[in-house]
Amino acid sequence: MSAALKEMAPEPHDFRKAMGSFAAGVTVVTVCHEGRLVGTTVSAFSSVSMDPPLVMVCLKRDSRTLAALGQAGSFCVNILASDQGDLAYRFAKSGADDRFALTVVEAGVGGHPLLAGAVAAVECDLHAAHDGGDHEILVGRVLRVAVDDAKAPLVYVRGGFLNA
Ligand SMILES: Cc1cc2nc3c(=O)[nH]c(=O)nc-3n(C[C@H](O)[C@H](O)[C@H](O)COP(=O)(O)O)c2cc1C
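Description of the structure in this document. Since this is a predicted model, take the numbers as computed values, not measurements.

Rules used in this analysis
Residues numbered from 1 in each chain as written. Predicted model: local features only at pLDDT ≥ 70, side-chain atom pairs only at ≥ 80, totals over all residues. Heavy atoms only, no water. Phe/Tyr/Trp six-rings, centres within 6.5 Å; stacked < 30°, edge-to-face > 60°. Helix = DSSP H or I, 4+ residues; strand = E, 2+ residues; numbered from the N terminus. Buried < 20%, exposed > 50% of the residue type's maximum accessible area, 1.4 Å probe, protein only. Near = heavy atom within 4 Å. Polar contact = N/O pair within 3.5 Å; in protein donor to acceptor, adjacent residues only side chain to side chain. Areas by Shrake-Rupley, 256 points an atom, 1.4 Å probe, with all protein chains shown as cover. 1 Å grid on protein atoms, 1.4 Å probe; cavity = no way out; pocket = protein on both sides within 12 Å on 5 of 7 lines; lining within 4 Å. Points joined across faces, edges and corners; volume = space filled by probe spheres on them. Nonpolar A, V, L, I, M, F, W, Y, C, P; charged D, E, K, R; others polar.

1. What about the packing of aromatic side chains?
Move 1: Scanning the entire structure with this criterion turns up three aromatic pairs.
Move 2: Note on Tyr 89 and Phe 161: the rings are 4.9 Å apart at their centroids and 50° apart in plane angle, and the pair reads as tilted. Placement of Tyr 89 in helix H4 (residues 85-90) and of Phe 161 in strand E12 (residues 160-161) is noted, with a sequence separation of 72 residues between them.
Move 3: Given the relative accessible area of 46%, Tyr 89 is considered partly exposed.

Printed below as a string of structure tokens:
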């Protein structure tokens with residue numbers, strides 16, 4: 001990186017604060033790899049394209065979920081409901097081996113877990129992976145979706161849940 005560009009980089013605290021003011025939904029990205037259930041909380045999720053239907057998630061390079069997803073070649077994005085804040089924290093806790101212990105799941109396409117009580121499930125094949133700095137940008141081609149219109153989504157902003 002050139003010295004001029006480096007000088008223009010924001011302070012990490014300011015960058016985090018600015019990005020934290022962008023309200024985002026909360027998902028749990030799940031993978032079943034070799035019979036093992038893996039998943040983590042992800043707010044860096046977005047739709048990308050309608051035709052073909054593509055979405056993207058960003059996962060930290062050291063994420064265990066990223067490793068399993070890369071090997072499985074497919075995954076499920078569970079969009080959490082407003083009463084699933086505890087679940088979001090459980091799936092974010094590092095070192096917690098059995099994140100699925102208190103959660104009812106159903107096997108979706110490729111066996112990836114669909115979490116009971118979520119607003120929506122978006123099941124994908126891994127379409128592409130791109131460099132995203134200390135994260136990896138994973139583009140998924142959507143195979144199937146399920147939506148529960150009766151539920152309100154969980155919203156994460158300024159380091160907390162808006163309507164939990
Ligand atoms: C609300 C919330 C949103 C998060 N969003 C992301 C995200 O978009 N990408 C990411 O890599 N980690 C995100 N995390 C952090 C991961 O969930 C956390 O680092 C987790 O321990 C990673 O688990 P793994 O290594 O088993 O995949 C988020 C955590 C919380 C609480």
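2. Notes on the site of the ligand
Move 1: Not every one of the 16 residues close to the ligand is listed here, only the nearest: Lys 60, Ser 63, Arg 64, Thr 65 and Ala 92.
Move 2: Ala 44 has a polar backbone atom sitting 2.9 Å from an oxygen atom of the ligand.
Move 3: Backbone polar atom of Cys 58 to a nitrogen atom of the ligand: 2.9 Å apart, as the coordinates give it.
Move 4: When the free accessible area of the ligand is taken as 650 Å², the share hidden by the protein chains comes to 86%.

3. Details of the layout of surface pockets
Move 1: Estimated volume of the largest pocket: approximately 1,500 Å³.
Move 2: Thr 41, Val 42, Ser 43, Lys 60 and His 135 are the residues nearest the centre of the largest pocket, which is lined by 45 residues in total.
Move 3: Of all the secondary-structure elements, those providing two or more residues to the lining of the largest pocket are helix H2 (12-20), strand E3 (36-42), strand E5 (54-60), helix H3 (64-72), H4 and strand E11 (155-157).
Move 4: Of all the elements, E3 adds the most residues to the lining of the largest pocket, at seven residues.
Move 5: A breakdown of the residues in the lining of the largest pocket according to their chemical character gives 22 nonpolar, 13 polar and ten charged.
Move 6: The volume enclosed by the second largest pocket comes to roughly 230 Å³.
Move 7: Lining the second largest pocket we find 16 residues, and of these Glu 106, Leu 114, Leu 115, Ala 121 and Ala 146 sit closest to its centre.

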